[in-house]
Amino acid sequence: METVIAKIMYGIDGEHMYKGLPPYVCPNCHTLLKRTINLDYKIKQKSGDLIHTYDGYCIVSEAFMLFCKSNKYPELEFVQLPQSPNYYYFNPKKIFYTDAERRHVQFINPCKYCGGYEEVIGSTPNYIKQGIDIQSDDFICRSDYEFGTGERKSPLIVIGLETEKKIKLAKLKNIYFAKIFK
C-alpha cells in the first residue's frame, strides 16, 4: 500500500481570465512566458474559495487569503483583482518536486523557441520525487511542472496533510483534494 504524503488542492472551474491569448506567450507553442493579471477580469461565479480559470490562473477568496496569513504560510503571492473585490490571484512560490517518471508524465512537442512543451499531461496520481523529504505536514507549494495545453497550463497546488485538516476546519468552500504518494 502506498503512503499518502501530501495532497493536490483543487477548486471549482471558472471562466477564462483572458478572452483569446494572454500577453507574453510563446508564439510557437503558446506556453505562458510570464503570467500577468487581466485588470479588467471580473469573477462571475463567486461560489467557492478556490477557483481555477480555464486559462490556468488560480483565484482565491479573501477568506482563503486570510486563512493563509493567519497560518503564516511563507512565500505565497496574492494579487487583488481590481474588478472583483475580495478575490485574489494566488501563486505559491515554493516548489514541490514531483516524480514525472513514476507518474509517466508526457511532455508533448518540445518547443525550440521557448524550451517549453505544447502539452504536459499526467498530473494525477502524483508522487513526490524520490530523495526529497518533506520537513512539515503543514505547507502550501506549487508543483515543479505546469500541466495542460498551450496557454492553459498551470501548476498543481500542493498542500500538507495538516494543511488539509485546517482547510476543512476553516470550512472553506468548494475545495477538493487528490492524493500525492511517497
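Just above, that's the structure.
Owing to the predicted nature of the structure, the values given are computational and were not obtained by experimental measurement.

1. Observations regarding the overall build of the protein chain
Broken down by element type, the protein chain carries three helices and 13 strands. Considering the protein chain as a whole, with its 182 residues, one finds that 48% of them fall into the buried category. Surface accessibility of the protein chain: about 9,800 Å² in total, with carbon and sulfur atoms responsible for 49%. Taken together, the 25 basic and 21 acidic charged side chains of the protein chain have centroids lying 3 Å from each other.

2. Focus: the environment of Tyr-97
Here Tyr-97 shows up in the loop between strand 7 (95-96) and helix 2 (100-103). Looking at Tyr-97, the relative accessible area reads 40%, which means it is partly exposed. When the C-alpha positions of Tyr-97 and Ser-84 are compared, they lie 32 Å apart, and in sequence the two are 13 residues distant. The residues touching Tyr-97, leaving out its near neighbours within four places in the chain, are Tyr-127, Ile-128, Lys-129, Ile-132 and Asp-144.

3. Section: the sheet that holds strand 2 (residues 12-14)
Spatially, the five strands line up as an open sheet ordered 2-3-4-6-5, and their pairing is mixed. Edge positions in the open sheet fall to strand 2 and strand 5 (76-80), since each of these has one partner strand only. Taken pair by pair, the neighbouring strands of this sheet meet at an average axis angle of 35°, ignoring direction. Two strands pair when backbone bridges link them, and strand 3 (residues 50-53) and strand 4 (residues 58-61) are joined in this way by three bridges, in the antiparallel orientation. Bridged to His-52 within strand 4 is Cys-58.

4. Considering the pairing of strand 4
What you see with strand 4 is no split at all: Cys-58 and Val-60 on one side and Ile-59 and Ser-61 on the other are buried throughout. Counted along the chain from strand 3 to the antiparallel partner strand 4, the turn is four residues long, and its residue Gly-56 has a positive phi close to 90°. Here strand 4 pairs with strand 6 (residues 87-92) via three bridges, running antiparallel. Of the residues in strand 6, the one forming a bridge with Ile-59 is Tyr-89.

5. Some details on the packing of aromatic side chains
The tally for this structure, following the rule as stated, stands at twelve aromatic pairs. Note on Tyr-18 and Tyr-57: the rings are 6.1 Å apart at their centroids and 55° apart in plane angle, and the pair reads as tilted. Highlighted residues: Tyr-18 in the loop between strand 2 and strand 3 and Tyr-57 in the loop between strand 3 and strand 4, separated in sequence by 39 residues. By the burial criterion, Tyr-18 is buried, and Tyr-57 matches it. Centroid distance Phe-107 to Tyr-117: 5.1 Å. Interplanar angle 50°. Geometry classified as tilted. Of this pair, Phe-107 sits in strand 8 (residues 106-110) while Tyr-117 sits in strand 9 (residues 117-121), placing them ten residues apart in sequence. For Tyr-117, a relative accessible area of 29% gives the class partly exposed. Members of the aromatic cluster, joined through ring pairs, are Phe-64, Phe-67, Tyr-73, Phe-78, Tyr-88 and Phe-90.

6. Considerations on empty space enclosed by the protein
Enumeration over the complete set of coordinates arrives at one cavity of 30 Å³ or more. Within this model, the largest cavity holds a volume of roughly 30 Å³. Thr-31, Leu-32, Arg-35, Glu-146, Gly-150, Glu-151 and Lys-153 together form the lining of the largest cavity. Along the lines of polarity and charge, the residues of the lining of the largest cavity split into one nonpolar, two polar and four charged.

Scoring rules and cut-offs
- Residues numbered from 1 in each chain as written.
- Predicted model: local features only at pLDDT ≥ 70, side-chain atom pairs only at ≥ 80, totals over all residues.
- Heavy atoms only, no water.
- Helix = DSSP H or I, 4+ residues; strand = E, 2+ residues; numbered from the N terminus.
- Buried < 20%, exposed > 50% of the residue type's maximum accessible area, 1.4 Å probe, protein only.
- Areas by Shrake-Rupley, 256 points an atom, 1.4 Å probe, with all protein chains shown as cover.
- Lys, Arg positive; Asp, Glu negative; His and termini not counted.
- Charge placed at Lys NZ, Arg CZ, Asp CG, Glu CD.
- Contact = heavy atoms within 4.5 Å.
- Pairing = 2+ DSSP bridges.
- Axes fitted to C-alpha atoms, helices over the stretch in contact; angles between N-to-C directions.
- Phe/Tyr/Trp six-rings, centres within 6.5 Å; stacked < 30°, edge-to-face > 60°.
- 1 Å grid on protein atoms, 1.4 Å probe; cavity = no way out; pocket = protein on both sides within 12 Å on 5 of 7 lines; lining within 4 Å.
- Points joined across faces, edges and corners; volume = space filled by probe spheres on them.
- Nonpolar A, V, L, I, M, F, W, Y, C, P; charged D, E, K, R; others polar.

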